[in-house]
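So the chains spell out like this:
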2 protein chains.
Amino acid sequence: MKRFLSLTALVALVVACSSKEQNAPEPTAEPVDALPSWNDTETKSTILEYVQAVTDEGSPSFIPVEDRLVTFDNDGTLWAEKPVYFQLYYALDRISYMAKDHPEWENEEPYASGINKDLHGIAAQGYAGLFELIGATQGGMTTDEYHSQVKAWLDTAVHPTTNRPYTEMVYQPMIELIHYLQDNDFNVYIFSAGGIDFMRVWATEVYGIPKEKVMGSSMKTQFSLEGGAHLEKLDQLDAVRDKEAKPEFIYLVTGGKPVIAGGNSDGDLAMLQYTATNTHPFLNLYVHHTDSVREWAYDRDGHVGRLDAGLDEAVARGWTLIDMKYDWKVIFPNE
Amino acid sequence: MKRFLSLTALVALVVACSSKEQNAPEPTAEPVDALPSWNDTETKSTILEYVQAVTDEGSPSFIPVEDRLVTFDNDGTLWAEKPVYFQLYYALDRISYMAKDHPEWENEEPYASGINKDLHGIAAQGYAGLFELIGATQGGMTTDEYHSQVKAWLDTAVHPTTNRPYTEMVYQPMIELIHYLQDNDFNVYIFSAGGIDFMRVWATEVYGIPKEKVMGSSMKTQFSLEGGAHLEKLDQLDAVRDKEAKPEFIYLVTGGKPVIAGGNSDGDLAMLQYTATNTHPFLNLYVHHTDSVREWAYDRDGHVGRLDAGLDEAVARGWTLIDMKYDWKVIFPNE
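Residues numbered from 1 in each chain as written. Chains lettered and ligands numbered in written order. Predicted model: local features only at pLDDT ≥ 70, side-chain atom pairs only at ≥ 80, totals over all residues. Heavy atoms only, no water.

**Comments concerning unusual backbone geometry**
Residues and elements named next belong to chain A.
- The step from Lys82 to Pro83 runs through a cis peptide bond, and the omega angle for that step is 0°.
- With respect to the element layout, Pro83 can be found in the loop between strand S1 (69-72) and helix H3 (86-98).
- Even without glycine at this site, Lys243 takes up a positive phi of about 50°.
- Overall, the relative accessible area of 44% leaves Lys243 in the partly exposed class. (Helix = DSSP H or I, 4+ residues; strand = E, 2+ residues; numbered from the N terminus. Buried < 20%, exposed > 50% of the residue type's maximum accessible area, 1.4 Å probe, protein only.)

Given below as C-alpha cells:
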C-alpha cells in the first residue's frame, strides 16, 4: 500500500538530506509536544502511548497503515452542541424567513416550535424533528445553492451565548488530536448524526479533514437534466445516521472497522461497541462534558448530547473518558 | 491541502538526494511511457494532454489537487462483463448449493432462472434480479463471513469461456490509467452498479484503489449485539446505484463532482452528464467494446452493458470513446 506511506516521514527525509547537503546543523532531538492544549494527565499519556505502540513496526501492537481508521462524532465531540445543535440555528433563521409563506406552520410541529424559537421543544423531538426543519429549509434548491446559503450564514452568524462565530466553537485539543493522528498515517473520518452537507461547507477548512471523509445524516438529492444536469436537494430525509446507523454507515463508506473512535453521547455508543471488536488494539474515547465554567457540564440528563448508557459502558469496559475540565488546558481556539 | 502532496514527487526527491550523496549518476531524462499498453492513437494523446494541462500550475487549465476527483465504473469499464456480470457466477454457485433447502425456487424468478443457469433470463431482469439472487446468497451472515466466502470462491473460480481467474479478466490499459492518474494526484474512486462488498474483496489488490474508494450497490446491514457486537448482512436491498443513482451517490460519498469519469454503458450516462457540468476542464471516457476477437464486441444491443443513448451523446458532445480494438495493445494482463 505505497500510497499510504508516511508523508511526514518522507518530508522529514527530504529535509534531513537536503539540510545535510547544505552542511546545516543536525536538527536537535528536542521532542515536540503534539498535543500542547492537553494537560499532562493520564488521558494524554493513554493517547500518546497508544499511537506510539501501534505505529512502531517493531511492536506486537503494530497496525498497518491501511487499517488505521479513525471515526469521530462531530456535535459535542469536535465542536460544542449547546444550547442546541448549531445546525438548528441555521434552520431556525431560514424557517423564520420562510414562515410568512407557510401559515399552516403555526399549529404544526416542529415548525411551531421553530417559529417560536422553542429550542427545547424542537430538541425534544431529537434528530427527526431537526431534520424535518432542515428539510424544509433546503428542499428544491441545487446542492451549490445550499452550499452558498450556509457559507453566507456562517460568515455572519454568532453563537447566542459566547458571541463567537460557530466555527470558533470547536475544541482546540481535538483539532490537535486530529492532526497528530493524520501525521501518524491514521485515516481520520467524521461520522456525525449532523447534516453531511452542512458540515462539508466548513469542516475541511476548520479541521483539516477532506470533505470526502466528512460523513453524516443526509436529505435525499435527485439528479435532474432540467435546465442542465444538476443535483437537486429534496425536502425528504435520506437517513439519520445516529446510534446503530453509525457503524452501518462506517462499513458502507469505508469497508472497514475503526481502531480509534471518539464520541460524546449515547448516539455514539454503537460506533464505540463496533470499534471494540477490532482485532487490532483499539482506543475508544468519550468526551465528557465536565466544565460548567469554560463550556457546559452535562451527561445523563437533557435532550442534546445525553451520555448515560455510554457512560456506564465506558466505565465498565475501561474506555478512555476525556474530562474536559481536567484534561484540557484550553477548550476553544484563541482563548 | 498538504496531505495531498505528490507522494511520487517526494519519493523522487528522496531518491534524488540520497543518490547524489552516493555520487550516483543523475537519472537520465528519458521520458517513461505511463501507458505502455495503449497504442499511440488520438485517444492516448487526449488523455496525456489533458493530464499534463490540468496538473501544470502555470496552465490556465490547472486543477487544484483537492478537486481532482475521478470516478470509474467497474463492470465493462475496468473488467469484463460477458457473458454476464461476474458477480452473478458467484451468486449462481451459491444458489445451486442452497436450492435443496428451497423447493419453492423451482417456480419463482429469478431463482428458477438461477437454478437452471439461464443467464439471459436473469440478465433480462437487470440489476434488480441480480441483487435478489445476491441477497439470497448473503443474507443472515456477518460481513466477515461474506468476505471469506467470496475470497474462497475467487481463489478457485475461472471464467467460463477464457478459463482465466476473474481477477485476471481486468483491463490492463485501464489499470495503467488508474495508476497514472493516482501518480498525478488524482483521487480515483470506483462507482459501480455492482456489489460494493463483492468488489472490496479483491479490487484493492487488483486495481490499487483503497477499499474506502470502491463504491457500488449494496444490501442492507444491521448492527447487532447478539453474540458480540457485529454487522449482519440482510437479504434486503439497500440501493442499486446505477444511472441517476451514480451522481447522487458520488455526491453523498465525496461531496464533489468528478473531473474525469469513465464508463461503458447507458448506466454510466448520468455520471458523465454530471461530470460534464464541472467548472474545471473535464474528461469523459466511454470504453467502447469493439474487439470481437480479443474480448467481446457490443454496444446498442443486449441486456448486459448496453451503450445506446450514451453512445449518441458521446458522439454529439465529443466525449472520448476508447476503441478497445484500435486503442489497446493488450486487453488483459499477461497476454
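Additional details are given in the paragraphs that follow.
**Digging into the pattern of salt bridges**
Residues and elements named next belong to chain A.
- For the structure on display, the rule yields 26 salt bridges over all chains.
- Lys246 serves as the salt-bridge partner of Asp268, at 2.6 Å between the closest nitrogen and oxygen. With Asp268 in the loop between strand S6 (260-263) and helix H12 (269-275) and Lys246 in helix H11 (residues 245-254), this pair connects stretches of sequence that are 22 residues apart. For the pair Asp268 and Lys246, one class covers both residues: buried. (Salt bridge = Lys/Arg side-chain N within 4 Å of Asp/Glu carboxyl O.)

**Examining empty space enclosed by the protein**
Residues and elements named next belong to chain A.
- For the structure shown, the criterion picks out five cavities of 30 Å³ or more.
- Within this model, the largest cavity holds a volume of roughly 60 Å³.
- As for the largest cavity, its lining consists of 13 residues, of which Gln138, Gly195, Ile196, Asp197 and Met219 are closest to the centre.
- Of all the secondary structure elements, the ones that give two or more residues to the lining of the largest cavity are helix H6 (126-138), helix H9 (196-200) and strand S4 (214-224).
- When grouped by side-chain class, the residues that make up the lining of the largest cavity number six nonpolar, five polar and two charged. (1 Å grid on protein atoms, 1.4 Å probe; cavity = no way out; pocket = protein on both sides within 12 Å on 5 of 7 lines; lining within 4 Å. Points joined across faces, edges and corners; volume = space filled by probe spheres on them. Nonpolar A, V, L, I, M, F, W, Y, C, P; charged D, E, K, R; others polar.)

**Focus on helix H7 (residues 143-156) of chain B**
Residue and element names in this part refer to chain B.
- If you check H7, its first and last C-alpha atoms are 21 Å apart, about what 14 residues at 1.5 Å a residue would give, namely 20 Å.
- Among the residues of H7, Thr143, Tyr146, Val150, Trp153 and Leu154 are the ones counted as buried. Angular distribution of buried residues about the axis of H7 spans 100°; they occupy a single face of the element. Residues of H7 that are exposed and angled more than 90 degrees away from the buried face: Asp144, Asp155 and Thr156. (Expected span 1.5 Å × (residues − 1). Arc of directions from axis to C-beta.)

**Some thoughts on the pairing of strand S3 (residues 187-195) of chain B**
Residues and elements named next belong to chain B.
- Burial runs high along S3: nine of the nine residues are buried.
- With four bridges connecting them, strand S1 (residues 69-72) and S3 associate as parallel partners. Bridge assignment links Thr71 to a residue of S3, and that residue is Tyr189.
- With three bridges connecting them, S3 and strand S4 (residues 214-224) associate as parallel partners. Residue pairing for S4: Phe191 is matched across the bridge by Met215. (Pairing = 2+ DSSP bridges.)

**Observations regarding a negative patch on the surface**
Residues and elements named next belong to chain A.
- On the surface, a cluster of negative charge is made up of Glu104, Glu108, Glu109, Asp118 and Glu132.
- Assignment of secondary structure puts Glu132 in helix H6.
- Overall, the relative accessible area of 36% leaves Glu132 in the partly exposed class. (Patch = residues over 30% accessible without salt bridge, like charges linked within 9 Å, V, L, I, M, F, W, Y side chains within 5 Å. Areas by Shrake-Rupley, 256 points an atom, 1.4 Å probe, with all protein chains shown as cover. Lys, Arg positive; Asp, Glu negative; His and termini not counted. Charge placed at Lys NZ, Arg CZ, Asp CG, Glu CD.)

**Details of the nonpolar core**
- Grouped together as the largest cluster of nonpolar side chains are 75 residues, with contacts concentrated most on Phe72, Met174, Leu177, Phe186, Trp202 and Tyr207 of chain B.
- In terms of residue count, the dominant contributor to this core is helix H3 (residues 86-98) of chain B (eight residues).
- Counting 74 residues, the second largest nonpolar core, distinct from the first, contains Trp79, Phe131, Val188 and Phe198 of chain A. (Core = buried A, V, L, I, M, F, W, Y, C linked by side-chain atoms within 4.5 Å.)

**Considerations on the packing of aromatic side chains**
All names here are of chain A.
- Tallied over the full model, the rule gives 32 aromatic pairs over all chains.
- Judged by centre distance (4.8 Å) and plane angle (50°), the rings of Phe86 and Tyr166 are tilted. One end of the pair, Phe86, is in helix H3; the other, Tyr166, is in the loop between helix H7 (143-156) and helix H8 (172-183), and 80 residues separate them in sequence. In this structure, Phe86 and Tyr166 share a single accessibility class: buried. (Phe/Tyr/Trp six-rings, centres within 6.5 Å; stacked < 30°, edge-to-face > 60°.)

**Here we look at H11 of chain A**
Residue and element names in this part refer to chain A.
- Counting buried positions over the ten residues of H11 gives nine, a clear majority of the element.
- Restricting attention to buried positions, one finds in H11 the residues Ala245, Lys246, Pro247, Phe249, Ile250, Tyr251, Leu252, Val253 and Thr254.
- Two residues or fewer after H11 comes Gly255, characterised by a positive phi angle close to 70°.

Function cannot be inferred from these measures alone, as they are strictly geometric.
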